[in-house]
Each structure stands twice: as structure tokens, then as C-alpha cells.
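# Architecture and fold: a report
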Amino acid sequence: MRLNILFFSLLFIMCSRHENDNPYKDGYIVGFEQCSYQHNYKLGYAIITTDLRDTLMTYNLPDSIFIFPPEYFYNYINSGYFPSKARYDFKIKFTYTIANKDQQVYNLCTTDINSADFNNSVQVIMTSVTKY
């Protein structure tokens with residue numbers, strides 16, 4: 001009897017752990033890094049995971065994933081967020097690694113006053129991304 005309980009307990013723990021080991025995340029592209037847009041640098045995109053636990057910034061999102069309407073960038077001086085009506089329009093499934101110090105992008109934007117929307121975002125390198 002004890003052996004059965006031990007076996008089922010271990011099986012439950014292993015199954016639960018396996019479900020949480022999924023390397024893919026689901027999220028939404030919700031904005032962009034204003035400085036990169038204003039100064040024509042490689043554009044950084046802000047991603048919020050569907051569980052709302054992480055806000056990530058990536059500079060290697062493939063251009064072929066989505067075509068973002070140009071008007072979403074017009075208000076870049078005030079905000080790096082896309083319009084609220086588009087908040088859930090750009091869903092992706094992705095894997096990533098956290099960018100190390102040598103991989104991080106640091107754009108020179110000393111004259112920008114309102115470009116702090118995503119300053120606390122973790123910078124990541126996308127290893128796989130698909131439109132969802």
C-alpha cells in the first residue's frame with residue numbers, strides 16, 4: 001500500500017513538473033521602444049506575456065511576423081504602447097534567452113524625455129517566434 005502511494009506521488013510530481021517545463025511562452029507585442037523609433041535604430045518591441053508576469057524587450061523580432069500599421073508609431077513622443085484597441089492583436093508564441101551584457105542593446109537617446117515606458121523590461125533574444 002505504501003509503495004502504491006509513493007509511486008502515485010512521484011508520478012504526480014513528475015507530471016506536474018513536466019507541464020511547467022514548456023519552453024514556449026505566449027504573449028502579445030504591445031509596443032515599441034520609442035528611442036529606437038525616433039532615431040532610426042533597430043526597432044525594439046515590447047512583449048507582455050499572457051499571464052502578465054513578464055514584460056520583455058527584444059530587438060531581434062523578425063520583420064516578417066507582423067506588419068504594424070504606421071499610425072501605431074505616430075504617438076511615440078508620448079508613449080511606446082500601441083493603441084489600446086490593438087493590445088491583443090499581435091499574439092505570438094516564442095522562446096527566448098535573456099540577453100547577456102554583450103548582447104544587450106543600448107541606444108543613445110539623451111534628449112528623449114518621455115521614453116521610459118519599458119525601462120524596467122528584461123531584454124531578451126528571441127530564439128523562436130511564430131504568429132499565433
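Residues numbered from 1 in each chain as written. Predicted model: local features only at pLDDT ≥ 70, side-chain atom pairs only at ≥ 80, totals over all residues. Heavy atoms only, no water.

### So, unusual backbone geometry
- The phi torsion at Asn40 lies on the positive side, around 60°, for a residue other than glycine.
- Summarising the element assignment, Asn40 is placed in the loop between helix 2 (34-38) and strand 2 (45-49).
- In this structure, Leu52 is a non-glycine residue whose phi angle is positive, near 60°.
- Structurally, Leu52 is set in the loop between strand 2 and strand 3 (55-58). (Helix = DSSP H or I, 4+ residues; strand = E, 2+ residues; numbered from the N terminus.)

### Topic: the nonpolar core
- Judged by nonpolar contacts, the single largest core of 20 residues is most densely connected at Ile29, Tyr45, Phe68, Phe73, Phe82, Phe90 and Ile92.
- Within the residue set of this core, elements represented by two or more residues are strand 1 (25-32), strand 2, strand 4 (91-98) and strand 5 (122-131).
- At three residues, strand 5 tops the list of elements feeding residues into this core.
- Contact partners of Phe68, with chain neighbours within four places excluded, come to Ile29, Tyr45, Leu61, Phe73, Phe82 and Phe90. (Core = buried A, V, L, I, M, F, W, Y, C linked by side-chain atoms within 4.5 Å. Buried < 20%, exposed > 50% of the residue type's maximum accessible area, 1.4 Å probe, protein only. Contact = heavy atoms within 4.5 Å.)

### Things to note about the environment of Phe68
- Positionally, Phe68 belongs in the loop between strand 3 and strand 4.
- For Phe68, a relative accessible area of 11% gives the class buried.
- In this structure, the C-alpha to C-alpha distance between Phe68 and Phe90, residues 22 residues apart in sequence, is 9.0 Å.

### A short note on the side chain of Thr58
- Along the chain, Thr58 turns up in strand 3.
- Of note is the side chain of Thr58, whose polar atom sits 3.2 Å from the backbone oxygen of Val124.
- Once you skip the residues sitting within four places of it in the chain, Thr58 turns out to touch Leu43, Gly44, Tyr45, Ile47, Val124 and Met126. (Polar contact = N/O pair within 3.5 Å; in protein donor to acceptor, adjacent residues only side chain to side chain.)

### Notes on the pairing of strand 1
- Extensive coverage of strand 1 is indicated by the burial of six of its eight residues.
- When strand 1 meets strand 4, the two strands line up antiparallel, connected through four bridges. Bridge assignment links Gly27 to a residue of strand 4, and that residue is Ile92.
- With five bridges joining them, strand 1 and strand 2 adopt antiparallel strand pairing. Paired with Tyr28 across the two strands is Ile48, which belongs to strand 2. (Pairing = 2+ DSSP bridges.)

### Details of the pattern of salt bridges
- Taken as a whole and judged by the stated rule, the model has two salt bridges.
- Notably, a salt bridge pairs Lys93 with Asp26, separated by 3.2 Å at the nearest N-O pair. On the criterion of sequence distance, the pair formed by Lys93 in strand 4 and Asp26 in strand 1 is long-range, its members being 67 residues apart.
- Looking at Asp26, the relative accessible area reads 22%, which means it is partly exposed. (Salt bridge = Lys/Arg side-chain N within 4 Å of Asp/Glu carboxyl O.)

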